[in-house]
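As a plain string of letters, each chain reads:
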Amino acid sequence: MSEQKTCKEAEWEIHPITPETGAEIVGAELSGKLNEEQIRLLRETLARHKVLFFRGQNHLDDEGQEAFAALLGQPFAHPTVPVKAGSGYILELDSHHGGRADQWHTDVTFVDEYPSASILRSVVAPGAGGDTIWANTVAAYNSLPQELKVLAESLWALHSNDFDYAVSAERKGIAVTEERNYRNVFASTVYETEHPLVRVLPDSGEKSLLLGNFAKRILNVSASASDHLLQLFQEHITRLNHTVRWRWEEGDVVIWDNRATQHVAVNDYGRQHRIVRRVTLAGDIPVSAQGERSRVRSASAPRLQTQPDSASA
Ligand SMILES: [Fe+2]
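Residues numbered from 1 in each chain as written. Predicted model: local features only at pLDDT ≥ 70, side-chain atom pairs only at ≥ 80, totals over all residues.

A.B. asks: Please explain the sheet that holds strand 18 (residues 295-296) as it appears in this structure.
C.D. replies: Remark on secondary structure: sheet strands pair via backbone hydrogen bonds, oriented parallel or antiparallel. Reading across from one edge, 13-9-10-18 is the order of the four strands in this open sheet, with antiparallel pairing throughout. The sheet terminates laterally at strand 13 (215-218) and strand 18, the two strands that pair on one side only. In terms of strand pairing, strand 10 (residues 192-196) meets strand 18 through two bridges, oriented antiparallel. Across the sheet, Thr193 pairs through a bridge with Val296, a residue of strand 18. (Pairing = 2+ DSSP bridges. Helix = DSSP H or I, 4+ residues; strand = E, 2+ residues; numbered from the N terminus.)

Structure, rendered in structure tokens:
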């Protein structure tokens, strides 16, 4: 699917945004009532393009978003941030309450079974700014020189939520108390997990670089070497060739493969209001190129629990 493609069964058009990363699906009306063929197509297209974009899904409410998500996988709630009131699994990021994910990250990598995918819906979009950018971490692995692939496959990193990716020291015009409150909730339980720098994706066998802002240090090397290695690989992942950028409109829905991407919300919109709501889908424990599984380090960190099915899911 390297060029525009029409799926007659689903009556959707697939428009790739870059050759490797991101595709807009035109003609889809997302809901909890999609048929098996449409779900199969979504899974295939997500595996190919890593990020899928849908305009004009204004008919969706929280319940509809959760019902749609449940067709793609098992939704679960964030380990520390309470779900939005009245919802089963929704994480709301509200720019007026400290919710600005303005550092490159993969969602929830501080636990071992971090989400396989995220489904984000725009509820309030700034008039300008607040775009989200995704980086394709499979493409990033593939474009490494062979010597650096070998090095990456030998490395492990410690991931933790002890620093809140949604807080930026460079933020302007946002009350400090809002940031502090959000940060305190986000790290109310500290999780620490050791992940390989390269994980092998279970379905495709593709290799994906696993870093982002929850990766605090490379294990078994000096602090200085860790800093250099994190910078080397993180800068490679976020090279423009590996990215796709989306200008939000209210009612847009974006689905990303959270095992094959990082993302960042550009924090350029000042006091304009921005609200997005996210449902994440349960993932699996990463496996390294050598067949070793990620391991939880923090003794105090409970296992990530999926919630029982809610009435809306
Ligand atoms: Fe995120």
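A.B. asks: Even after reading the chapter, I still don't get the sheet that holds strand 8 (residues 132-136), so can you show me in this structure?
C.D. replies: Reading across the sheet, the three strands line up as 14-8-16 and stay open at both edges, with antiparallel pairing between neighbours. If you trace the sheet from one side to the other, it starts and ends with strand 14 (243-246) and strand 16 (261-265), each paired once. Adjacent strand axes in the sheet meet at a mean angle of 20°, parallel and antiparallel pairs treated alike. Two elements, strand 8 and strand 16, share five bridges in a ladder whose sense is antiparallel. Following the sheet pairing, Thr132 is matched in strand 16 by Ala265. (Axes fitted to C-alpha atoms, helices over the stretch in contact; angles between N-to-C directions.)

A.B. asks: Explain helix 1 (residues 36-49) to me, please; I cannot follow it from the model alone.
C.D. replies: Given 3.6 residues to a turn, an α-helix orients residues that are three or four positions apart in the same direction. Compared with an ideal rise of 1.5 Å per residue, which puts 14 residues at 20 Å, helix 1 spans 20 Å between its outermost C-alpha atoms and is within 8% of the ideal. For helix 1, the set of buried residues is Gln38, Leu42, Thr45, Leu46 and His49. Projected onto a plane normal to the axis of helix 1, the buried residues spread over an arc of 100° and lie on a single side. Facing away from the buried side of helix 1 by over 90 degrees, the exposed positions are Glu36 and Glu37. Elements that come into contact with the buried residues of helix 1 comprise strand 2 (12-16), strand 3 (23-26), strand 4 (51-54), helix 2 (62-72), strand 7 (117-124) and strand 15 (253-257). In the segment just after helix 1, Lys50 is the residue with positive phi, at about 75°. (Expected span 1.5 Å × (residues − 1). Buried ≥ 20, exposed ≤ 12 C-beta atoms within 10 Å, placed from the backbone. Arc of directions from axis to C-beta. Contact = placed C-beta atoms within 7 Å.)

A.B. asks: What should I look at first to understand the confidence of the model for the chain in this one?
C.D. replies: Detail in the predicted coordinates should be disregarded across regions flagged by low pLDDT. For the chain, the mean per-residue pLDDT works out to 88, and 85% of the residues sit at or above 70. Residue range residues 164-170 is modelled with pLDDT below 50. Its contacts to residues more than four positions away, or to other chains, number 22 contacts. This model gives residues 301-313 a pLDDT under 50, and the stretch forms 26 contacts once residues within four places in sequence are excluded. (pLDDT = per-residue confidence, 0-100.)

A.B. asks: So what exactly am I meant to see when it comes to unusual backbone geometry here?
C.D. replies: Peptide bonds are, in most cases, trans, and in most cases residues other than glycine have a negative phi. Phi angles above zero are rare outside glycine, and Val108 is one such case at about 60°. Owing to 24 C-beta atoms within 10 Å, Val108 belongs among the buried residues under this scheme.

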